[in-house]
Amino acid sequence: AAHALTAPGAAAAAMSGGAAVPVQGPFKILVAASDAGQRVMLKAMLSRDKHTVDIAENGAEAVKLSGKTTYQIIFLDGFMPILNGWEACREIRKRDVDSGVATATVIFGITGASTGADVDNYASAGLTDIIHKPIAREALRAKIAVAMAAPTAPTLPPDTAGRKLSLEPRQDDDTHTHTHNTLTHTCVH
């Protein structure tokens, strides 16, 4: 099965022909990843564009920090201790809706997977888009430019409404609907 996640306009930005992609900003960004090397690499890439970057080592820390500080962009690795990336995304989306903010936080999932449950989990969590490892700077800049050019109102992911999320890692591997407000997940079997 082949899987793809595409935010509106992302395909056009990705087809920039290798040209430098202009990124507005600078933005306040949170990077959450359990791997120290990944955190350092992303912070260095983002800092080159003058963004202010904070770091979280796990999903629970990302949820906590994003509740105290307003971030325009959050990067969440899929597999983190305490709370994984898609659970953290659901919690942040729920908080955006509950607080009544006008514009949803842009949340990118970071993954080495391009198929299967990993992509399904991110799609169902209300993610803005996925950035696949290894991360290329120009691809990162293109994704940021597209997402920040088309702000959206916050919405709840399909399985978040009315439930409190646990800070424990999920043991199940359920799948959900494949079409969301700003994200389309296409499965070809």
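**Section: the overall build of the chain**
Piece 1. When helices and strands are tallied, the chain shows six helices and seven strands.
Piece 2. Going from the N terminus to the C terminus, the chain shows its helices and strands as β-α-β-α-β-α-β-α-β-α-β-α-β.
Piece 3. Intrachain contacts of the chain at a sequence separation of at least 6 include 72% that bridge at least 24 residues.
Piece 4. On the chain, roughly 8,800 Å² of surface is accessible, and the fraction owed to carbon and sulfur atoms is 57%.

**Examining the sheet that holds strand S5 (residues 106–111)**
By definition, the strands of a sheet pair up through backbone hydrogen bonds, in either a parallel or an antiparallel sense.
Piece 1. If you trace the five strands from one edge of the open sheet to the other, you get S3-S2-S4-S5-S6, paired in parallel fashion. With one partner strand each, in any of the chains shown, strand S3 (52–56) and strand S6 (129–132) form the two edges of the open sheet. The mean angle between the axes of side-by-side strands here comes to 25°, regardless of whether they run parallel or antiparallel.
Piece 2. Bridge count between strand S2 (residues 28–32) and S3: five bridges; the pairing is parallel. Of the residues in S3, the one forming a bridge with lysine 28 is threonine 52.
Piece 3. Taken strand by strand, helix H2 (residues 36–47) contacts S2, S3, strand S4 (73–77) and S5, and its axis lies near 170° from that of S3.
Piece 4. Strand contacts of helix H6 (residues 137–149): S4, S5 and S6, with the helix running at about 150° to S5, the strand carrying the most contacts.

**Let's talk about the packing of helix H3 (residues 59–68) against helix H4 (residues 85–99)**
Piece 1. For the pair H3 and H4, interaxial distance at closest approach is 9 Å and the crossing angle is 20°. By the criterion of interaxial angle, the relationship of H3 to H4 is roughly parallel. At the point where H3 passes H4, the crossing takes the right-handed sense. Contacts between H3 and H4 involve Gly59, Val63, Ser66 and Gly67 from the former and Ala88, Glu91, Ile92 and Arg95 from the latter.

**A few points about H3**
Piece 1. Every buried residue of H3 is listed here: Gly59, Ala60, Ala62, Val63 and Ser66. One side of H3 holds all its buried residues, which, seen down the axis, span an arc of 160°. In H3, the exposed positions angled more than 90 degrees off the buried face are occupied by Lys64 and Lys68.
Piece 2. Contacts made by the buried residues of H3 are with S2, S3, S4 and H4.
Piece 3. The opening residue of H3, the one whose side-chain oxygen lies 3.0 Å from the backbone nitrogen of alanine 60, is asparagine 58.

**Details of the pattern of salt bridges**
Piece 1. One pass over the structure, following the stated rule, counts 10 salt bridges.
Piece 2. When the shortest N-O distance is used, the salt bridge between glutamate 57 and arginine 39 registers 3.9 Å. With glutamate 57 in the loop between S3 and H3 and arginine 39 in helix H2, this residue pair connects regions lying 18 residues apart in the sequence.
Piece 3. Here arginine 39 falls in the buried class, since its relative accessible area comes to 12%.
Piece 4. Through salt bridges with shared partners, one network takes in Asp49, Arg137, Glu138 and Arg141.

**Topic: the packing of aromatic side chains**
What characterises a pair of aromatic rings is the spacing of the ring centres plus the angle enclosed by the ring planes.
Piece 1. Within the structure shown, the criterion is met by two aromatic pairs.
Piece 2. Judged by centre distance (5.3 Å) and plane angle (85°), the ring pair of phenylalanine 79 and tryptophan 86 falls under edge-to-face.
Piece 3. Of the residues examined, phenylalanine 79 reaches a relative accessible area of 57% and is grouped as exposed.

**Let's talk about the side chain of aspartate 77**
Piece 1. Counting through the fold element by element, aspartate 77 comes out in strand S4.
Piece 2. A residue is classified by how much of its surface remains accessible, and aspartate 77, at 6% relative accessible area, is buried.

**Here's the deal with the confidence of the model for the chain**
Piece 1. Mean pLDDT over the chain: 75, with 67% of residues reaching 70 or higher.
Piece 2. pLDDT under 50 marks residues 160–189. Its contacts with residues more than four places away, or in other chains, come to 67 contacts.

**Side note on the nonpolar core**
Piece 1. Ranked by size, the top nonpolar core spans 20 residues in total, and within it Ile74, Leu76 and Ile107 carry the most contacts.
Piece 2. Elements that contribute at least two residues to this core include exactly S2, H3, S4, H4 and helix H5 (117–125).
Piece 3. Discounting chain neighbours no more than four positions away, the residues touching leucine 76 are Ala32, Ala62, Gly85, Ala88, Cys89, Ile107, Phe108, Gly109, Ile110 and Tyr122.
Piece 4. Grouped together as the second largest cluster of nonpolar side chains are 17 residues, Ile73, Phe75, Ile110 and Leu140 included.

Each value, and the rule that gives it
- Residues numbered from 1 in each chain as written.
- Predicted model: local features only at pLDDT ≥ 70, side-chain atom pairs only at ≥ 80, totals over all residues.
- Heavy atoms only, no water.
- Helix = DSSP H or I, 4+ residues; strand = E, 2+ residues; numbered from the N terminus.
- Contact = heavy atoms within 4.5 Å.
- Areas by Shrake-Rupley, 256 points an atom, 1.4 Å probe, with all protein chains shown as cover.
- Pairing = 2+ DSSP bridges.
- Axes fitted to C-alpha atoms, helices over the stretch in contact; angles between N-to-C directions.
- Parallel < 35°, antiparallel > 145°, perpendicular 65-115°, else oblique.
- Left-handed = near helix turned anticlockwise from the far one by under 90°.
- Buried < 20%, exposed > 50% of the residue type's maximum accessible area, 1.4 Å probe, protein only.
- Arc of directions from axis to C-beta.
- Polar contact = N/O pair within 3.5 Å; in protein donor to acceptor, adjacent residues only side chain to side chain.
- Salt bridge = Lys/Arg side-chain N within 4 Å of Asp/Glu carboxyl O.
- Phe/Tyr/Trp six-rings, centres within 6.5 Å; stacked < 30°, edge-to-face > 60°.
- pLDDT = per-residue confidence, 0-100.
- Core = buried A, V, L, I, M, F, W, Y, C linked by side-chain atoms within 4.5 Å.

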